[in-house]
Amino acid sequence: MARWNKTCVLLGNGNRYQDDSGRWHEGEQVESKVYCNQYTRGFDEKSDPDVGLRDIGELQIRSVDYRDQLRLRFNGREYDITAVTETGHGEFMRLQIERVISNA
């Protein structure tokens, strides 16, 4: 049963712009705090010889909150969003998140 008692911060870069010379600038990071469900699938450390030690997890958020962000902050740590799956007839998104421990 969904509790929706946790929050995460989606990290996007909505202020990206191109100057007159055609160069792209990142602008300020846009943060969106949203409610989420944490799945018990992960948040344990996995070992991969090519990548190293990884922290993997899965969160569920409402589809209206997700705008193709590539990163998020959860429990004080930043994660890359590595996979997105639509569920619940398009009402929800499941985000697989991953963090390489050596980069933390």
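Preceding block: the structure.
The rules behind the values
Residues numbered from 1 in each chain as written. Predicted model: local features only at pLDDT ≥ 70, side-chain atom pairs only at ≥ 80, totals over all residues. Heavy atoms only, no water. Buried < 20%, exposed > 50% of the residue type's maximum accessible area, 1.4 Å probe, protein only. Helix = DSSP H or I, 4+ residues; strand = E, 2+ residues; numbered from the N terminus. Pairing = 2+ DSSP bridges.

## With respect to the pairing of strand β7 (residues 71–74)
- Only one face of β7 is covered, namely the one carrying L72 and F74; the face carrying R71 and R73 has none of its residues buried.
- By the bridge criterion, three bridges tie strand β1 (residues 6–12) to β7 in an arrangement that is antiparallel. Looking across to β7, one finds that V9 is bridged to R73.
- With four bridges connecting them, β7 and strand β8 (residues 77–87) associate as antiparallel partners. Bridge pairing in β8 places L72 opposite Y79.
- The antiparallel hairpin formed by β7 and β8 contains two residues in its connecting segment, where N75 sits at a positive phi of about 50°.

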